[in-house]
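Architecture and fold: a report
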Amino acid sequence: MKLQTNVDLYRKLPSVDELQRNPELAALAAREGHIAVTDAARAVLASLRKEIAAGRLAADGVDLALSGLEDAVARQLRQALKHSLQSVINATGVILHTNLGRAPLSAAALEHIREIAGSYSNLELDLETGERGKRDVHVDRLFRKLLEERVGTAAPGLPGEHSVGAGVLARALEPTISTIVVNNNAAAVLLALNTLAENGEVIVSRGELVEIGGSFRIPDVMAKSNAILREVGTTNRTRIADYAKAINEQTRLLLRVHRSNFQITGFTEQAQIEELVGLARQRNIPLLEDLGSGALFDLRSVGVNRESSVLDGLRQGVDVVTYSGDKLLGGPQAGLLSGRSDLIARMRSNSLFRALRADKLTYAALEATLLAYVKGEHDAIPAVGMMRLSKEEIGRRAEAVAKKLQSSRLTVEVVDGESVIGGGAAPSSTLPTRVLAISAEGTSADELSRRLRVWDTPVIARVEEGRVLLDLRTVFPEQDEIVAQSINRVFER
Ligand SMILES: *Cc1c(COP(=O)(O)O)cnc(C)c1O
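Residues numbered from 1 in each chain as written. Predicted model: local features only at pLDDT ≥ 70, side-chain atom pairs only at ≥ 80, totals over all residues. Heavy atoms only, no water.

Concerning the pattern of salt bridges
To keep it simple, the criterion reads: The term salt bridge refers to a side-chain nitrogen of Lys or Arg lying within 4 Å of a carboxyl oxygen of Asp or Glu. Numbering of helices and strands starts at the N terminus; helices are DSSP runs of H or I of at least 4 residues and strands are runs of E of at least 2. Between buried and exposed lies partly exposed: a residue is buried under 20% and exposed over 50% of the maximum accessible area for its type, with that area taken using a 1.4 Å probe on protein chains only.
Counted according to the given criterion, the structure contains 29 salt bridges. A salt bridge links E124 to R357, with the shortest nitrogen-to-oxygen separation between them at 3.7 Å. Taken together, the residues E124 in the loop between α7 (107-117) and α8 (137-154) and R357 in the loop between α16 (351-356) and α17 (360-374) connect sequence positions 233 residues apart. R357 sits in the partly exposed class, given a relative accessible area of 27%. Residues R206 and E231 are paired through a salt bridge, measuring 2.9 Å at the closest nitrogen-oxygen approach. Of this pair, R206 sits in the loop between β4 (201-205) and β5 (211-212) while E231 sits in strand β7 (residues 228-232), placing them 25 residues apart in sequence. You can call R206 partly exposed: its relative accessible area is 38%. Bridged by salt links that share partners, the residues E124, R132, R135 and R357 form one connected network.

Written as structure tokens, this is what we have:
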């Protein structure tokens, strides 16, 4: 019976050809192109067929749908021609939010991307000699300024050939610290493991076999790199003696992984980085540290004390550190490998490097971001600037937005809260802030936050204890007005 009815319903639907002869749609096709309009018409008809098949459309429903078919096609077309990837306002207070694209780029980075992307460039051309150049030179020189000079002066104790005693001359001839760029930090770890430990063993603490969001798991990356994982210690306690005992003739590398997104508390012990450096030197095995976030500025300046920066790692004597470009560094998605030049050179000549390399847009954005660090213009880097905002300033902006909210159905308060650095940095580190806490009579907080999210300019908020929380730390000041308008419009309905 039902099958019979459905066939009747399907018959009511026009063919794509018939639809195209419809004058309104023909006019649309003349403006927007025949292919796009045909595609949209097909999609609308297919979705009607699906509704009929699912038994969700009866005869009168089909008639109704047919009467609005031209509008439906036009709507479908608008949707199809819209960008799916769009900008949103991040009012979550999570500065490096992976789902929201992590670090926003600085104005200088955007400008440099625009300049380089829209024309030819000297990406791999040495303008002096006219010969083929390396793309890494564009950022390596800046990393050297930020890392090598500072490691050199502050820590006269780099190992062996890198010690300052032997090194003053050596450094003049050859850099001691180099940096290369790959697609992301996952790629950086893969490249480092494959280069330094293929077919050999890598010693890692059981307390550091982490999984980072999006299925980056240390044991899996290890397997893909063809290195053999040698776990030592226990989940909560690993001592330096555990590493020492595990070293054998197959050992190629000691690995330390930042516990980016979790903490182990209670009865715990982790080998100190100094102890690992000592052991690595004594046994002549390289030490790799996956920093994850890798800040290029001192986080202690914003009250975050337990997070080591790229410079800290290298000063302590770690041979190579890996970190992301779009976490605490505040630049584009990239994976950075910084460390001993001889080891970095081996990674550069690995054929995997070619497969994992970054594109010119990444280099452009990274170069401009690094220049801001070199010039000491930290606040020009949005993610860094947001970290440095004071609670008082955020509170003043929140009060100003609160004053603009008009609906009598709204209860609005500005209260103390906590911003989160995110991006796997300092899982326990939060920054004190002031948040707008909003609730509305007759509308749940989840529904409220959904409406803000599907608005023209999506505003992404947090929901806590039945209220919508908006933290302006991660909102650009020029967006405060849009946030106020969005909330007001959502409540006009
Ligand atoms: C974030 C993170 C990664 C992955 O970095 P991507 O740049 O996202 O590939 C790897 N290791 C650690 C410790 C991290 O925090």
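Points about the packing of helix α3 (residues 23-32) against helix α6 (residues 69-81)
The test is simple: A fitted line through C-alpha atoms represents every axis, and for helices the fit uses only the stretch in contact; the resulting angles, taken between N-to-C directions, go from 0 to 180 degrees. We call two directions roughly parallel when the angle between them is under 35 degrees, roughly antiparallel when it is over 145, roughly perpendicular when it lies between 65 and 115, and oblique otherwise. In this scheme, a crossing is called left-handed if the near helix is turned counterclockwise away from the far one by less than a right angle; it is called right-handed if the turn is clockwise. Whether two residues are in contact is decided by their heavy atoms: any pair within 4.5 Å suffices. Polarity classes work like this: nonpolar for Ala, Val, Leu, Ile, Met, Phe, Trp, Tyr, Cys and Pro, charged for Asp, Glu, Lys and Arg, and polar for all others, with Gly in that last group.
Where α3 contacts α6, the axes come no closer than 10 Å and their chain directions differ by 20°. As far as their axial angle goes, α6 and α3 are roughly parallel. Pair α3 / α6 crosses with right-handed handedness. Contacts between α3 and α6 involve E24, L25, L28 and E32 from the first element and E70, V73, A74, L77 and L81 from the second. Each residue belonging to the contact of α3 with α6 can be placed in one class, and the counts come to 6 nonpolar, no polar and 3 charged.

Quick word on the packing of helix α10 (residues 185-197) against helix α15 (residues 341-348)
As a packed pair, α10 and α15 sit with axes 9 Å apart at the nearest point and diverge in direction by 100°. By the angle between their axes, α10 is roughly perpendicular relative to α15. Along the contact surface, α10 presents L191, A192, T195 and L196, while α15 presents L343, R346 and M347.

A short note on the sheet that holds β4
Counted only if it meets this: Note on pairing: two strands pair once DSSP finds at least 2 bridges between them.
As summarised here, the arrangement of the 7 strands in space is β3-β11-β10-β9-β8-β4-β7, forming an open sheet in which the pairing is mixed. What marks the edges here is a single partner per strand, and that holds for β3 (177-182) and β7. Strand-to-strand twist of the sheet, defined as the mean angle between neighbouring strand axes without regard to direction, takes the value 25°. The pairing of strand β10 (residues 320-324) with strand β11 (residues 335-340) spans 5 bridges and is antiparallel. Paired with Y323 across the bridge in β11 is L336. Contacting β8 (251-257) and β9 (287-292), helix α13 (residues 273-283) crosses the sheet at an angle of about 170° to β8.

Here's the deal with α17
What counts, and what does not: Expected span of a helix: the number of residues minus one, times 1.5 Å.
In a regular helix each residue adds 1.5 Å, so 15 residues correspond to 21 Å; α17 covers 21 Å between its end C-alpha atoms and thus fits that length. In terms of residue burial, α17 counts as a mostly covered element, since 11 of its 15 residues are buried.

So, the sheet that holds strand β2 (residues 94-96)
As a general point, the strands of a sheet are linked pairwise by backbone hydrogen bonds and lie either parallel or antiparallel. An order of β2-β12-β13-β16-β15 is seen for the 5 strands of this open sheet, with the pairing classed as mixed. Strand pairing shows two members of the sheet lacking a second neighbour, β2 and β15 (462-464), which therefore form its edges. Across the sheet, the mean angle from the axis of one strand to that of its neighbour is 40°, orientation sign disregarded. As defined by bridge partners, strand β13 (residues 430-440) adjoins strand β16 (residues 467-471) across 4 bridges and the pair is classed as antiparallel. Bridging from a neighbouring strand, V435 pairs with D471 of β16.

Overview of the domain arrangement of the chain
Operational definition: Domain borders in the structure are assigned automatically or taken from a domain database.
Taken as a whole, the chain is organised into domain 1 (6-81), domain 2 (89-95 + 386-490) and domain 3 (105-380). Averaged C-alpha coordinates put domain 2 and domain 3 at centres separated by 35 Å.

Focus: unusual backbone geometry
Notably, N226 is not glycine yet its phi reads approximately 70°, a positive angle. Mapped onto the fold, N226 is located in the loop between α11 (218-224) and β7. Relative accessible area serves as the criterion here: at 42%, N226 is assigned to the partly exposed category. In this structure, E465 is a non-glycine residue whose phi angle is positive, near 45°. We classify E465 as exposed; its relative accessible area is 81%.

Structural notes on the confidence of the model for the chain
Put simply, the test is: Each residue carries a pLDDT score, the predictor's own confidence in it, on a scale running from 0 to 100.
Summing up the model confidence of the chain, the mean pLDDT is 89 and the portion of residues at 70 or higher is 92%. Low pLDDT (under 50) marks residues 153-172, which in the prediction has 19 contacts with non-local residues, meaning those over four places away or in another chain.

Some words on the nonpolar core
What tends to happen in soluble globular proteins is that the nonpolar side chains get buried as a cluster. What counts is decided by this rule: The term nonpolar core refers to a set of buried residues drawn from Ala, Val, Leu, Ile, Met, Phe, Trp, Tyr and Cys, joined through side-chain atoms within 4.5 Å.
Judged by nonpolar contacts, the single largest core of 55 residues is most densely connected at F143, L147, L296, Y323 and M387. Here this core takes 6 residues from α8, the largest share from any one element. The residues contacting M387, other than those within four sequence positions of it, are I95, F297, L299, V302, L328, I421, L431 and R473.

Quick word on the environment of F491
Within the secondary structure, F491 is located in helix α21 (residues 480-492). For F491, a relative accessible area of 7% translates into the label buried. In this structure, the C-alpha to C-alpha distance between F491 and S408, residues 83 residues apart in sequence, is 9.3 Å. Not counting the four nearest positions on each side in its chain, F491 is found in contact with S407, R409, L410, A440 and L448.

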